[in-house]
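Structure at a glance
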2 protein chains.
Amino acid sequence: MERKGILLVVSGFSGAGKGTLMKNLVETYDNYALSISMTTRKPREGEEEGKAYFFVEEEEFLQKIKEEKVIEYAQYCGHYYGTPREYVEEMLYRGKDVILEIEIQGALKVKKQFPDALLLFIMPPSAEELKRRLVGRGTETEQVIKQRLLRAVEESEGIEEYDYILINDRLEDCVEELNNLVMAAHSTPARNQEFINNIRKELKSLSKGE
Amino acid sequence: MERKGILLVVSGFSGAGKGTLMKNLVETYDNYALSISMTTRKPREGEEEGKAYFFVEEEEFLQKIKEEKVIEYAQYCGHYYGTPREYVEEMLYRGKDVILEIEIQGALKVKKQFPDALLLFIMPPSAEELKRRLVGRGTETEQVIKQRLLRAVEESEGIEEYDYILINDRLEDCVEELNNLVMAAHSTPARNQEFINNIRKELKSLSKGE
C-alpha cells in the first residue's frame, strides 16, 4: 500500500523544547524529514548550504515568492525566512512525514494550502516551568525573559487553531506521544482509501464464491 | 486536571476480532469501561444480570426508549438490544473511556447524540484473512460464511463515516494502536481547555512579573 506523508506543522512557546524534540523524533523514527528553510541572511561560520538553511539572495527569494515556490515566509530582523515548496512536496510524495517548525501565522497559512496538514502545539507542563527553562539557559537578561513570556501570552491565543497539544515534560515520552499522534493521523479512512477499496473488491468477489 | 472520558464506538466485520480486542484492551489499560447492553431476551444459563447484559421485560425496554434512557437500540430475532444511557454517562463523567461495540446504524445514531464520540472501524488485514478466520471457527456452514461475507460487503460501505480504521493483524499491536488512537483524541485543545486556560492565566501573571 502506498503511504503518502503527512505535513506536520509544529509550533510552541520559545523554551518549550521544540528543537530538541524534533531532533530526537527524527533520530528515533525513520519516517520523518525536517523541512529546510530558505533565508536571505548570510551563512554564519560553519553553516552549510542545505543543512540548517538554503541561502539565497533577496532577488531570488522574491522571485520564488512570485512563482509560488514558497509555502509561507516571514521577515525577521531585515531578512526573509521561508519554506521552499519543492523539498516539502518531494518528501511527502516519497512517503515521509515532513516537519515544519513555524509560528502560528505561518502555521495557518500552511493549513490553508495543505488542509490535511497536522498542526501541533508544544507546551511546557506549566508556565512556571517555562520560565524556569528560559532562566535556566542563563543567556537571557530578565528583560528578554519577560519579553519571551509576553510573546508566549500572545502565541497562546492561537492554541485552539491546532489539532493537538503536546505537553513536553519528559523528552522521551513526548517524542513517543508525538509519533503516536502522527500514526493516529495515518489511520483515518481518507488516508487509507486504497486499502479500503481493495478490501471491498476482495470481499465482493469472495462473497460470490469466486 | 479533570479528565472527561471519551465515548468510543467500535464496529467491524464479523470475524475481525472485535470481542477479543476489547477484552484485551480493558485488561491491559485501566482507563476503559465496556458499556453493558440491555436486552429483552431471556438470560442463557450462566449469564449474570449486569455482566454481559442487563435483562429487562419488553414493557420496561419500550418505556426506557420513550424516556430517552436508551442511546440506541435495534431489534434482532424478535428481541430488543440497546445501550442504556445512564451507565455510559456515569462512566464518562468518572473519566472512563467507554466502549460501545455496535454496528454502523447504531454508531451513526450515537455520533448524533455524542458529537465528540470517536468512531473506530476494525478491519482484518485482508478479505482472504477474514474468510480464513470465519472458516477457522469451524462452527459455520459454507452458506453462513457466505452470508457473513455479504454482510461485510454491506458494512464496508460505511467505513468512511468512521474517524479511524484499525487493522487487526497481531492482537497485541492492535490493542496498543487502539489505545494510541484514544490517547490522541485526548490531546485535542477542546479536551484540554482547562489546562490551556490555566497556563494562559499563569503566563500573563508571570510576564507582568507577579
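Bear in mind that the values here come from a model prediction, so they are computed numbers and not experimental data.

1. Concerning the overall build of chain A
Check the secondary structure of chain A and you find 8 helices and 9 strands. By its C-alpha atoms, chain A is 75 × 45 × 30 Å across when sized along the principal axes. Put simply, chain A has 210 residues, and 46% of those count as buried. Considering only contacts within chain A whose residues lie at least 6 apart along the sequence, 67% involve residues at least 24 apart. Total accessible area on chain A stands at roughly 11,300 Å², and carbon and sulfur atoms take up 48% of it. Each charge class in chain A was averaged separately, 30 positive and 39 negative side chains, and the resulting centres sit 2 Å apart.

2. Remarks on the packing of helix α1 (residues 18-28) of chain B against helix α7 (residues 171-185) of chain B
Residue and element names in this part refer to chain B. One way to put it is that α1 packs onto α7 with a least axis distance of 10 Å and a crossing angle of 65°. What the angle tells us is that α1 and α7 run roughly perpendicular. Between α1 and α7 lies a crossing of right-handed hand. Taking contact as the criterion, the partners of Thr20, Leu21, Met22, Asn24, Leu25 and Thr28 in α1 are, on α7, Leu171, Cys174, Val175, Leu178 and Asn179. Tallied by class, residues from the contact of α1 with α7 come to 7 nonpolar, 4 polar and no charged.

3. Topic: the confidence of the model for chain A
Per-residue pLDDT for chain A averages 91, and the proportion of residues at 70 or more is 99%. Two summary scores accompany this predicted model of the complex, namely pTM at 0.90 and ipTM at 0.89.

4. Quick look at a negative patch on the surface
A contiguous patch of negative charge on the surface is contributed by A:Glu176, A:Glu177, B:Glu176 and B:Glu177. Contributing elements (two or more residues each) for the negative patch: α7 (171-185) of chain A together with α7 of chain B. Here A:Glu177 is to be found in helix α7.

5. Some points on the side chain of A:Lys18
Residue and element names in this part refer to chain A. If you trace the backbone, Lys18 turns up in helix α1 (residues 18-28). Among buried Asp, Glu, Lys and Arg side chains, Lys18 stands out as unpaired, with Glu101 the closest opposite charge at 4.4 Å. In contact with Lys18, other than residues within four places in its own chain, are Val10, Ser11, Gly12, Phe13, Glu101 and Ile122.

6. Some words on the sheet that holds strand β6 (residues 79-84) of chain B
Residues and elements named next belong to chain B. Reading across the sheet, the 4 strands line up as β4-β3-β6-β5 and stay open at both edges, with mixed pairing between neighbours. Looking at which strands have only one partner, the edges of the open sheet turn out to be β4 (53-55) and β5 (70-76). Geometrically, the sheet is characterised by an average inter-axis angle of 25° between neighbouring strands, direction not taken into account. Where helix α2 (residues 58-66) meets the sheet, it contacts β3 (37-39), β5 and β6, and its direction lies at approximately 45° from that of β6.

7. Some points on helix α8 (residues 193-207) of chain B
Counted at 1.5 Å a residue, the expected span for α8(B) with its 15 residues is 21 Å, and the 21 Å between its end C-alpha atoms agrees. Those residues of α8(B) not exposed but buried are B:Phe195, B:Ile196, B:Ile199, B:Arg200, B:Leu203, B:Leu206 and B:Ser207. Here the buried residues of α8(B) occupy an arc of 135° about the axis, which is enough to place them on one side. The inward-facing, buried residues of α8(B) contact β8 (118-123), α5 (127-136), α6 (142-156) and β9 (164-167) of chain A. Once α8(B) ends, the next one or two residues include B:Gly209, with phi positive near 75°.

8. Quick word on the packing of helix α8 (residues 193-207) of chain A against helix α5 (residues 127-136) of chain B
Relative orientation and spacing of two packed helices are given, respectively, by the angle between their axes and the distance between those axes. Packing of α8(A) against α5(B) brings their axes to within 8 Å, and their N-to-C directions diverge by 45°. What the angle tells us is that α8(A) and α5(B) run oblique. Residue-level inspection shows A:Ile199, A:Glu202, A:Leu203 and A:Leu206 of α8(A) in contact with α5(B), the latter providing B:Ala127, B:Glu128, B:Leu130 and B:Lys131. Class assignment of the residues belonging to the contact of α8(A) with α5(B) gives a composition of 5 nonpolar, no polar and 3 charged.

9. Concerning the relation of the copies chain B and chain A
For these two chains of identical sequence, chain B goes onto chain A by a turn of 180° and a shift of 0.0 Å along the axis, with RMSD 0.0 Å. Classification of the inter-copy transformation places it as that of a two-fold axis. Distance from the rotation axis, computed per C-alpha, reaches its smallest value in chain B at B:Asn180: 3.1 Å.

10. So, the environment of A:Gly158
Secondary-structure assignment places A:Gly158 in the loop between α6 and β9. Separated by 55 residues in the primary sequence, A:Gly158 and A:Glu103 have C-alpha atoms spaced 10.0 Å apart.

11. What about the sheet that holds strand β9 (residues 164-167) of chain B?
Residue and element names in this part refer to chain B. Spatial strand order, β2-β7-β1-β8-β9: 5 strands in an open sheet with parallel pairing. Looking at strand neighbours, the two that pair on one side only are β2 (32-34) and β9, the edges of this open sheet. Each strand axis lies, on average, 30° off the axis of its neighbour in the sheet, ignoring direction. Here 4 bridges tie strand β8 (residues 118-123) to β9, and the two strands are oriented parallel to one another. Looking across to β9, one finds that Phe121 is bridged to Ile165. Against the sheet, helix α4 (residues 104-113) contacts β1 (7-12), β7 (97-101) and β8, and its axis sits at roughly 160° relative to β1.

What counts and what doesn't
Residues numbered from 1 in each chain as written. Chains lettered and ligands numbered in written order. Predicted model: local features only at pLDDT ≥ 70, side-chain atom pairs only at ≥ 80, totals over all residues. Heavy atoms only, no water. Helix = DSSP H or I, 4+ residues; strand = E, 2+ residues; numbered from the N terminus. Buried < 20%, exposed > 50% of the residue type's maximum accessible area, 1.4 Å probe, protein only. Contact = heavy atoms within 4.5 Å. Areas by Shrake-Rupley, 256 points an atom, 1.4 Å probe, with all protein chains shown as cover. Lys, Arg positive; Asp, Glu negative; His and termini not counted. Charge placed at Lys NZ, Arg CZ, Asp CG, Glu CD. Axes fitted to C-alpha atoms, helices over the stretch in contact; angles between N-to-C directions. Parallel < 35°, antiparallel > 145°, perpendicular 65-115°, else oblique. Left-handed = near helix turned anticlockwise from the far one by under 90°. Nonpolar A, V, L, I, M, F, W, Y, C, P; charged D, E, K, R; others polar. pLDDT = per-residue confidence, 0-100. Patch = residues over 30% accessible without salt bridge, like charges linked within 9 Å, V, L, I, M, F, W, Y side chains within 5 Å. Salt bridge = Lys/Arg side-chain N within 4 Å of Asp/Glu carboxyl O. Pairing = 2+ DSSP bridges. Expected span 1.5 Å × (residues − 1). Arc of directions from axis to C-beta. Least-squares fit on C-alpha atoms with pLDDT ≥ 70 in both.

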